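A closer look at the structure
In case you want the letters, here they are:
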4 protein chains.
Amino acid sequence: MKLKTVGIKNIRYPVQVREKSGGLQATVASINVQVNLPRKYRETCVNTFLTVLNRYQDDMSAEIFSELLKEVKERMQAHSALLEMTFPYFIEKKAPVTGTAGLMEYTCRFTGEIGEGGSFILSVWVPGTTLCPCSREISDFGAHNQRAEINLNVKFNGFIWAEDVINLVETGASCEVYSLLKRPDEKYVTEKAYENPMFVEDVVRKVAELAQQHPDITWFSVGAESFESIHKHSAYALVDSDDM
Amino acid sequence: MKLKTVGIKNIRYPVQVREKSGGLQATVASINVQVNLPRKYRETCVNTFLTVLNRYQDDMSAEIFSELLKEVKERMQAHSALLEMTFPYFIEKKAPVTGTAGLMEYTCRFTGEIGEGGSFILSVWVPGTTLCPCSREISDFGAHNQRAEINLNVKFNGFIWAEDVINLVETGASCEVYSLLKRPDEKYVTEKAYENPMFVEDVVRKVAELAQQHPDITWFSVGAESFESIHKHSAYALVDSDDM
Amino acid sequence: MKLKTVGIKNIRYPVQVREKSGGLQATVASINVQVNLPRKYRETCVNTFLTVLNRYQDDMSAEIFSELLKEVKERMQAHSALLEMTFPYFIEKKAPVTGTAGLMEYTCRFTGEIGEGGSFILSVWVPGTTLCPCSREISDFGAHNQRAEINLNVKFNGFIWAEDVINLVETGASCEVYSLLKRPDEKYVTEKAYENPMFVEDVVRKVAELAQQHPDITWFSVGAESFESIHKHSAYALVDSDDM
Amino acid sequence: MKLKTVGIKNIRYPVQVREKSGGLQATVASINVQVNLPRKYRETCVNTFLTVLNRYQDDMSAEIFSELLKEVKERMQAHSALLEMTFPYFIEKKAPVTGTAGLMEYTCRFTGEIGEGGSFILSVWVPGTTLCPCSREISDFGAHNQRAEINLNVKFNGFIWAEDVINLVETGASCEVYSLLKRPDEKYVTEKAYENPMFVEDVVRKVAELAQQHPDITWFSVGAESFESIHKHSAYALVDSDDM
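What you see is a predicted model, and the numbers here were worked out from it, not measured in a lab. (Residues numbered from 1 in each chain as written. Chains lettered and ligands numbered in written order. Predicted model: local features only at pLDDT ≥ 70, side-chain atom pairs only at ≥ 80, totals over all residues. Heavy atoms only, no water.)

Description of the packing of helix 1 (residues 45–56) of chain A against helix 2 (residues 62–75) of chain A
All names here are of chain A. The N-to-C vectors of helix 1 and helix 2 enclose an angle of 155°; their axes lie 10 Å apart at closest approach. The angle between helix 1 and helix 2 falls in the class roughly antiparallel. Where helix 1 crosses over helix 2, the handedness of that crossing is right-handed. Counted together, Thr-48, Phe-49, Thr-51, Val-52, Leu-53, Arg-55 and Tyr-56 of helix 1 and Ile-64, Glu-67, Leu-68, Glu-71, Val-72 and Arg-75 of helix 2 form the full contact between these two elements. Within the contact of helix 1 with helix 2, the residues separate by chemical class into seven nonpolar, two polar and four charged. (Axes fitted to C-alpha atoms, helices over the stretch in contact; angles between N-to-C directions. Helix = DSSP H or I, 4+ residues; strand = E, 2+ residues; numbered from the N terminus. Parallel < 35°, antiparallel > 145°, perpendicular 65-115°, else oblique. Left-handed = near helix turned anticlockwise from the far one by under 90°. Contact = heavy atoms within 4.5 Å. Nonpolar A, V, L, I, M, F, W, Y, C, P; charged D, E, K, R; others polar.)

In structure tokens form, the structure reads like this:
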């Protein structure tokens, strides 16, 4: 056995992430790190990692995360390293009619790998509403609908903001989800979902098409899970750019 | 400090539970036990409990569970004892139009306490659909709906089957949830939910009224959580028989 | 049914919490709110709550949280209100020998109730090491030990910092837990745990005694769960100030 | 987009699994299924799957699971299908000195894929104790130890019982974990762990060597996570047969 992958799981750490709007957003990340390294450096592994992380925590972005990963690999004298940082990310979102502002929570993940080469994946989990086309078609009134969770993972050239990837995903469901809705907004989202019936596989296809059209996205995978309102199980669909 | 409550958490154990239909249902329970006992008996606590449990696991019911608890208390020479057993419970349920049979999963819990006196609580968690009255009223078509989870806890005289408590809860939402639905069934549940719009507090009130009318139920509490399809948070309502 | 308790569950929101050291700590809270209110005010409930929360999020403390709760009750014209805010809280902690600084994560919760009267509970969850007295006594060398989680909930007069409650709990186990340990520190914590063997009920009693001696704490409950290294289940103990 | 992967997540179902000892063990499985299929067959997907599952639930094994998967693919006219079934599995285990019998819970998973070709993976999650070599070496007495969870995934020729894979994993840690231990047993496991200090990467290497020596195992991956008693995070190690 030549390679020894060791790591730390479930480190929780406060970090500040750069926002598209120019600010820094304070959040709490869950971090996993794995490294392939000679046994003699093993004992100082946690200390080295946390020391490096500590210098980066106050100003994080997809680009800076890749520098952090590079420094982790070098300081640990590792052959390769894998770093995963998952965090809640809040974006102010305006209700569709009244414009009432509310904070929406999304989940983001940065995943970096570095060895001979290297790769970076930006992942987002975004809630949306799905309204069942079959239920609408066969019923005299109404249609079952429910919250769904859509996950998009992308590799890209240059730089992409999490805000833009989230925005791309949000347009993919029967209707977007909001934190604050007044009556005219609730009327709007109810009717919009009814006018845009989609199975989870329709959501996945639409998000995939949008990702494919994005000039900087070089690879992606997209999944959607719909917490069916008429069943206890979830409906699920999945596609990646290699399938297309 | 006169009393010392010690216990074991998260014991997983296969048990067989008596069904209303006359059979025995094999399931896997998560068990917590707490006892107040003199320190000298402390060390043998786990062994004693598992030895007693082992003799009861093959034939469990609300009544037999109370005997198990009594024996646990006596064998441990405890002043008092608390036992909680939570398990998935499956009931065959027929689709509303075609009668297609499918297995529905519910969560049940037996909670027993014994000291000077004693008490027993039967808890069930049942999925249901809620359809928003406000959304229906203000929209030209459609209405947002979603899966909800309804929890009913009851104390009672005599004996009550979990099947009957689950059945009572299922009639409380905008529509019941099924595991298998063909097209005529899906039309039925879609339209039924649309014709029975309910906020979570309406569900809670209806289940509470049914529990109040039950001749054997002497105390209850009921909660409902609705996984809103247009938001990321849940709506929630709660009432117990002392409030009524 | 006179009272109708309705609420929202699982609202996630960024908040800033006052630190004992004088700063503000940015974290992400999970919030539940329940109110008893006339049906006519029900629909605006989420909007009102989030609007009020929004004005308080940037500067939170146990005292300010109680003002927030009071304003929520008044603005909603509720008979009573219950508010729960749970959040990860980070404190810099120095390793016991080398003094190496690292960030420790604790979980804190503020729970406030307001009706005729009112109450406030501060809860903390703190990791610690337990080393089994029985295992040490009967073995020629070594003793099984493991991570435990200790939960202390307190009511108090005046004001208490979460930092001080966490500190009180940390002295209650066989040894404290740290995020960063160098070799002399690891020797220290290993030997300290071995010299302080404790069952979970010993931990609970020690923390209870410290809470009882605290001049401002008027009520408390303490629980400890030990993730046994030689079993798959947890050992558990529990006491509250009414038992003492 | 040629392929459309759709599926169902989180179906819970009672199943009976063949035991090495000749009996059938009743347990409750969590099932995910994904299929690539033409859109026209999509609507009947859940019904078809549950109908097929229903005929297999009473007598399941690794071999029968592969037949189930084949029938699912054919009945759905799918190009390919993926089926995952995770379940708690109980094995009676005797304490090492007194021979006291107790039930241990393990987690097992069957994962099958079928398309042009096909594959089957048997996964087990097994608890064990790890005792830190560094802590033991530098301390005058004691050594920190903790529960770890070891995951082994295997592909194989012919047939392998889950019992045998679990047994292989259990010999890989500093000491095995038991559900029932009397005093002589507790002395034994305490001393055995102290005499077999292992980092998670040592556990992973030992399990990997045992898997490599097994005549029927053709591929494997093994991971171990140690819930460090002196930290709040986990130590982690990972290897697969392609690395060796």
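A short note on the interface of chain C and chain D
In this assembly, 38 residues from chain C lie in contact with 37 residues from chain D. In total, about 3,400 Å² of surface goes out of reach between chain C and chain D, with carbon and sulfur atoms giving 52% of it. By the criterion of area lost to chain D, the three top residues of chain C are Phe141(C), Arg147(C) and Lys232(C), representing 22% of everything that side buries. Put simply, chain C and chain D have six salt bridges between them. Between Asp140(D) and Lys187(C) there is a salt bridge, and its shortest N-O distance comes to 3.3 Å. Taken together, the links from chain C to chain D amount to 29 residue pairs in polar contact (both at pLDDT 80 or more). Put simply, the parts of the chain that give the side of chain C that touches chain D at least two residues each are strand 5 (118–131), helix 3 (133–138), strand 6 (145–156) and helix 5 (183–195) of chain C. Ranked by residue count, the leading element in the side of chain C that touches chain D is helix 5 of chain C, at eight residues. Class assignment for the residues of the side of chain C that touches chain D results in 14 nonpolar, 13 polar and eleven charged. (Buried area = accessible area lost by both parts, 1.4 Å probe. Salt bridge = Lys/Arg side-chain N within 4 Å of Asp/Glu carboxyl O. Polar contact = N/O pair within 3.5 Å; in protein donor to acceptor, adjacent residues only side chain to side chain.)

Brief notes about the UniProt feature "site: May be catalytically important" (unreviewed entry) in chain A
Here, UniProt's "site: May be catalytically important" (unreviewed entry) annotation points to Cys132(A). Take Cys132(A): it is sitting in the loop between strand 5 (118–131) and helix 3 (133–138). The residues contacting Cys132(A), other than those within four sequence positions of it, are Ala143(A), His144(A), Pro197(A), Phe199(A) and Glu186(B). (UniProt positions renumbered as here; feature names shortened; annotations may be inferred.)

With respect to the relation of the copies chain C and chain D
Relative to chain D, chain C is turned by 180° and slid 0.0 Å along the rotation axis, the superposed coordinates differing by an RMSD of 0.0 Å. In the structure described here, the two chain copies are related by an operation that fits a two-fold rotation axis. The fraction of interface residues of chain C whose copies in chain D are also interface residues reaches 97%, indicating that both copies meet through the same surface. (Least-squares fit on C-alpha atoms with pLDDT ≥ 70 in both.)

Points about the interface of chain A and chain C
Contacts between the two partners involve 19 residues from chain A and, on the opposite side, 19 residues from chain C. With both sides pooled, the region where chain A packs onto chain C buries about 1,700 Å², and carbon together with sulfur makes up 62% of that total. Looking at the side of chain A facing chain C, the largest losses of area belong to Arg12(A), Asn47(A) and Phe90(A), adding up to 27% of the total buried there. Applying the counting criterion to the chain A and chain C interface returns two salt bridges. The residue Glu105(A) makes a salt bridge to Arg12(C) at a minimum N-O spacing of 2.8 Å. If you list the elements that add at least two residues to the side of chain A that touches chain C, you get strand 1 (5–18), strand 2 (24–36), helix 1, strand 3 (80–94) and strand 4 (101–114) of chain A.

Digging into the pairing of strand 2 (residues 24–36) of chain D
Residues and elements named next belong to chain D. As paired elements, strand 1 (residues 5–18) and strand 2 share twelve bridges and run antiparallel to each other. Bridging across to strand 2, Thr-5 finds its partner in Asn-36. Connecting the antiparallel pair strand 1 and strand 2 is a turn made up of five residues, with Gly-22 showing a positive phi of about 110°. Judged from the seven bridges that link them, strand 2 and strand 3 (residues 80–94) form a sheet pairing that is antiparallel. When the bridges of strand 3 are listed, Val-35 appears paired with Ala-81. (Pairing = 2+ DSSP bridges.)

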